[in-house]
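# Descriptive analysis of the structure
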Protein chains: 2
Amino acid sequence: MLARQRHQEILNRVGRAGAVRVAELARWLNVAEETIRRDLEKLDGEGKLIRTHGGAMPLPEDRREVPFDVRRAKHSAEKERIGAAAARFVGEGDIIALDASSTVYCLARALPDWPLTVLTNSMEVATLLMSRPRIQVVSTGGMLDVASQSFVGSFAEEALSRLHIGKLFLSSKGVDLVRGLSEAADEHARLKRRMMDLADETYLLADHSKFGVKSVVFFADLKDVDMVITDRGVDPAVLPELDRHHVRSEIAE
Amino acid sequence: MLARQRHQEILNRVGRAGAVRVAELARWLNVAEETIRRDLEKLDGEGKLIRTHGGAMPLPEDRREVPFDVRRAKHSAEKERIGAAAARFVGEGDIIALDASSTVYCLARALPDWPLTVLTNSMEVATLLMSRPRIQVVSTGGMLDVASQSFVGSFAEEALSRLHIGKLFLSSKGVDLVRGLSEAADEHARLKRRMMDLADETYLLADHSKFGVKSVVFFADLKDVDMVITDRGVDPAVLPELDRHHVRSEIAE
DNA sequence: ACCGAATATGCCCGATTATGCCCGAAATGT
DNA sequence: ACATTTCGGGCATAATCGGGCATATTCGGT
């Protein structure tokens, strides 16, 4: 039986019975309990059921469908991997900031399940993390930019200054080794700059297509970044160059 | 039976019976009383019921933070009418504020299609209005409260002070002619108070079931309200009383 | 078709959680 | 005031979990 098939089967049974136990499922589906646990972990992570000690329960009625479309534009596999790799730098109790970008959204989905405070200007990230009980979400507020579904403007920028950020995870339209990070819109650039100024550490999430690209507004030097997380498609010449700027880097496998 | 399942069952019985005893629950659910005690301790800690000696009781009706979808469903016809009536007070180019309540959400849906600036602390209102190109949405930001899907906290409160609000539309858990408006949670109460202080005019949207109800935290007098919009089910004695306080009122037909 | 990588699965073991039992202390009812 | 019920904490036990490791299967690229 295929793993996916098993997942469906589990969801079916959870939905009908109201609750299932790991041992039950293991017997019923002829797999080890470890496998069932991994299945439940995955399904819980996807928000399709709720894991409990000893088994799982269906979602409470009132949270089954989030009103907004949780449609996700193409998460290229690279972005997923970069997000997962970045998630490993998040420690328990950390105060982290996430910007409004699709790569960072992937990180949000991969965040570990422990107490965290997450500051974000992205509506989508906020909505996503609302279903994670151990995560405290804080939003900058500000003018709502429809295109990026995020808050921008001087209001958002000044709101930031009252906060502390441990680790900032951001992305940018372009990453040039000489000119640094760039964005297409000034308002987004300014906000990212502000976030970097306030953060103890800055992690740049950039898939290989971002390197060498210069967008319109430059907002930071590469040397202001503490670590770059990218994917295997990156030009091999880039990593030594980062090293030369004392920027750590990691390739998400 | 899973622990979580038992918790659900306990909440069910408490909710339906009004009160339960530890011994009863232990017998019904086939576990030791110690287990039930631990369950009750946990549920009480989560604010889902109130422990008493020998058993537990449900939360008083008016201090329950009902999830948004549920609130929206309740009295929806009246709320729709009230929202539509309130929308007629919104003029072109107005700067209005909307709080996080289901009635005001109905107003948001009924907003006229002309240029507007809308300040809100509700994620759902912000999401809804994102699809309205002529409406500029501004959010307070702050800590995200999951139950109400809205931003609260001192952060949100202070963010407000930098803004101007023309007309504020809000609702509240309870409206008492003598004691005024009340909310179940302090953080919501404080924010609403702050909004009222900053607004030129305050419109209270309250269906008839709100009148005479006293929740936990009072945050404003009726005389601070400029206009009350309610429905036909309201006690006829209420309107003259409002008049006596120089509060205008309207019944949404 | 072949090989290395990614994925899925199973097994083992120390850590965590859930539960039940016991007993002295606190609360309750008569 | 006294008998009874209920509570809370300490302890023991069993179920469950999570992570590390090994093996098998599938996938992807040549």
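This write-up is about the structure you can find in this document. (Residues numbered from 1 in each chain as written. Chains lettered and ligands numbered in written order. Predicted model: local features only at pLDDT ≥ 70, side-chain atom pairs only at ≥ 80, totals over all residues. Heavy atoms only, no water.)

With that out of the way, let us pick up the pairing of strand β15 (residues 248–251) of chain A. All names here are of chain A. Sheet analysis places strand β14 (residues 227–230) next to β15, joined by 4 bridges and oriented parallel. Bridge pairing in β15 places valine 228 opposite serine 249. Assessed by its sense of winding, the connection that carries the chain from β14 through helix α9 (residues 238–244) to β15 is right-handed. (Pairing = 2+ DSSP bridges. Helix = DSSP H or I, 4+ residues; strand = E, 2+ residues; numbered from the N terminus. Right-handed = clockwise from strand over helix to strand, strands pointing away.)

For DNA strand D, the set of nearby residues contains 16 residues, the closest of which are Arg21 and Gly54 of chain A together with Arg21, Arg37 and Gly54 of chain B. Within 4 Å of the protein, atoms of DNA strand D come from sugar and phosphate in 88% of cases. A distance of 2.6 Å separates a phosphate oxygen of DNA strand D from a polar backbone atom of glycine 54 of chain A. Between a phosphate oxygen of DNA strand D and a side-chain N or O atom of arginine 37 of chain B, the distance comes to 2.8 Å. Where the surface near DNA strand D is concerned, the elements lending two or more residues are β2 (50–52) of chain A together with β2 (50–52) of chain B. Residues belonging to the surface near DNA strand D are distributed by class as follows: 2 nonpolar, 8 polar and 6 charged. (Near = heavy atom within 4 Å. Polar contact = N/O pair within 3.5 Å; in protein donor to acceptor, adjacent residues only side chain to side chain. Nonpolar A, V, L, I, M, F, W, Y, C, P; charged D, E, K, R; others polar.)

Tallied over the entire structure, the rule returns 33 salt bridges over all chains. The residue lysine 214 of chain A makes a salt bridge to aspartate 176 of chain A at a minimum N-O spacing of 3.5 Å. Taken as a pair, lysine 214 of chain A in the loop between β12 (199–205) and β13 (217–220) and aspartate 176 of chain A in strand β10 (residues 174–176) lie far apart in primary sequence, 38 residues in all. In this structure, the salt-bridge partner of arginine 13 of chain B is glutamate 9 of chain B, at a minimum N-O distance of 3.4 Å. (Salt bridge = Lys/Arg side-chain N within 4 Å of Asp/Glu carboxyl O.)

This part covers the protein's contact with DNA strand C. Surveying the vicinity of DNA strand C reveals 18 residues, the closest of which are Arg6 and Thr35 of chain A together with Arg6, Thr35 and Arg38 of chain B. Backbone atoms, meaning sugar and phosphate, form 52% of the atoms of DNA strand C found within 4 Å of the protein. Here a base nitrogen of DNA strand C sits 2.7 Å away from a polar atom, N or O, in the side chain of arginine 38 of chain A. A distance of 2.7 Å separates a base nitrogen of DNA strand C from a polar side-chain atom of glutamate 34 of chain B. Classifying every residue of the surface near DNA strand C gives 6 nonpolar, 5 polar and 7 charged.

With that settled, the discussion passes to the sheet that holds strand β4 (residues 95–98) of chain B. Pairing within the open sheet is mixed, and its 9 strands lie in the order β8(A)-β7(A)-β6(B)-β5(B)-β4(B)-β9(B)-β12(B)-β14(B)-β15(B). Lying at the two open borders of the sheet, with one neighbouring strand each, are β8 (150–152) of chain A together with β15 (248–252) of chain B. Sheet twist, expressed as the average angle between the axes of neighbouring strands with direction ignored, equals 30°. Bridge analysis of strand β7 (residues 142–145) of chain A against β8 of chain A gives 3 bridges, and the strand direction is antiparallel. (Axes fitted to C-alpha atoms, helices over the stretch in contact; angles between N-to-C directions.)

Here the focus is the nonpolar core. Counting residues in hydrophobic clusters, the biggest one holds 58 residues, and the most contacted among them are Leu98 and Leu111 of chain A together with Leu98 and Leu111 of chain B. Val138, Ile165, Leu181 and Ala206 of chain A belong to the second largest nonpolar core, which has 28 residues in total. (Core = buried A, V, L, I, M, F, W, Y, C linked by side-chain atoms within 4.5 Å. Buried < 20%, exposed > 50% of the residue type's maximum accessible area, 1.4 Å probe, protein only.)

Moving on, we come to the sheet that holds strand β3 (residues 55–57) of chain A. All names here are of chain A. As summarised here, the arrangement of the 3 strands in space is β1-β3-β2, forming an open sheet in which the pairing is antiparallel. Looking along the sheet, the strands with just one partner apiece sit at the ends: β1 (20–21) and β2. As judged from the 3 bridges shared by β2 and β3, these two strands associate in the antiparallel manner. Bridging from a neighbouring strand, isoleucine 50 pairs with methionine 57 of β3.

As a further point, take the interface of chain A and chain B. With 36 residues of chain A at the contact, the number on the chain B side is 29 residues. Here chain A meets chain B over a buried area of about 2,800 Å², counting both sides, of which 67% is carbon and sulfur. Linking chain A with chain B are 2 salt bridges. A salt bridge links glutamate 158 of chain A to arginine 162 of chain B, with the nearest nitrogen and oxygen atoms 3.4 Å apart. Run the count over chain A and chain B and you get 6 residue pairs in polar contact (both at pLDDT 80 or more). Elements with a minimum of two residues in the side of chain A that touches chain B: β1, β2, β3, α6 (123–129), β6 (135–139), β7 and α7 (154–160) of chain A. Per-element accounting of the side of chain A that touches chain B gives the leading share, 4 residues, to β6 of chain A. Class assignment of the residues belonging to the side of chain A that touches chain B gives a composition of 19 nonpolar, 11 polar and 6 charged. Across 2 bridges, the pairing between β6 of chain A and strand β7 (residues 142–145) of chain B is antiparallel. Residue pairing for β7 of chain B: valine 138 of chain A is matched across the bridge by methionine 143 of chain B. (Contact = heavy atoms within 4.5 Å. Buried area = accessible area lost by both parts, 1.4 Å probe.)

Now for the packing of aromatic side chains. Using the criterion set out here, one finds 4 aromatic pairs over all chains in the structure. Note on phenylalanine 169 of chain A and tyrosine 203 of chain A: the rings are 4.8 Å apart at their centroids and 20° apart in plane angle, and the pair reads as stacked. Taken together, the residues phenylalanine 169 of chain A in strand β9 (residues 165–170) and tyrosine 203 of chain A in strand β12 connect sequence positions 34 residues apart. Each member of the pair, phenylalanine 169 of chain A together with tyrosine 203 of chain A, is buried. Ring centres 5.3 Å apart and planes at 45° place the aromatic pair phenylalanine 89 of chain B and tyrosine 203 of chain B in the tilted group. Linking phenylalanine 89 of chain B in the loop between α5 (76–87) and β4 with tyrosine 203 of chain B in strand β12 (residues 199–205), this pair joins segments that are 114 residues apart in sequence. An aromatic cluster of at least three residues, connected via ring pairs, comprises Phe89, Phe169 and Tyr203 of chain A. (Phe/Tyr/Trp six-rings, centres within 6.5 Å; stacked < 30°, edge-to-face > 60°.)

So, about the side chain of serine 172 of chain B. Residues and elements named next belong to chain B. Looking at the secondary structure, you find serine 172 in the loop between β9 (165–170) and β10 (174–176). For serine 172, a relative accessible area of 3% gives the class buried. Polar contacts involving the side chain of serine 172 include one to the main-chain carbonyl oxygen of glycine 174, which spans 2.9 Å. Once residues within four sequence positions are removed from consideration, serine 172 is found in contact with Leu181, Ser182, Glu183, Leu204, Lys210 and Phe219.

Moving on, we come to unusual backbone geometry. Positioned with a positive phi, asparagine 30 of chain A is a non-glycine residue whose angle comes to about 60°. Relative to the helices and strands, asparagine 30 of chain A is located in the loop between α2 (22–29) and α3 (33–45). If you check the backbone angles, glutamine 149 of chain B has positive phi at about 50° while not being a glycine. For glutamine 149 of chain B, a relative accessible area of 13% corresponds to the buried category.

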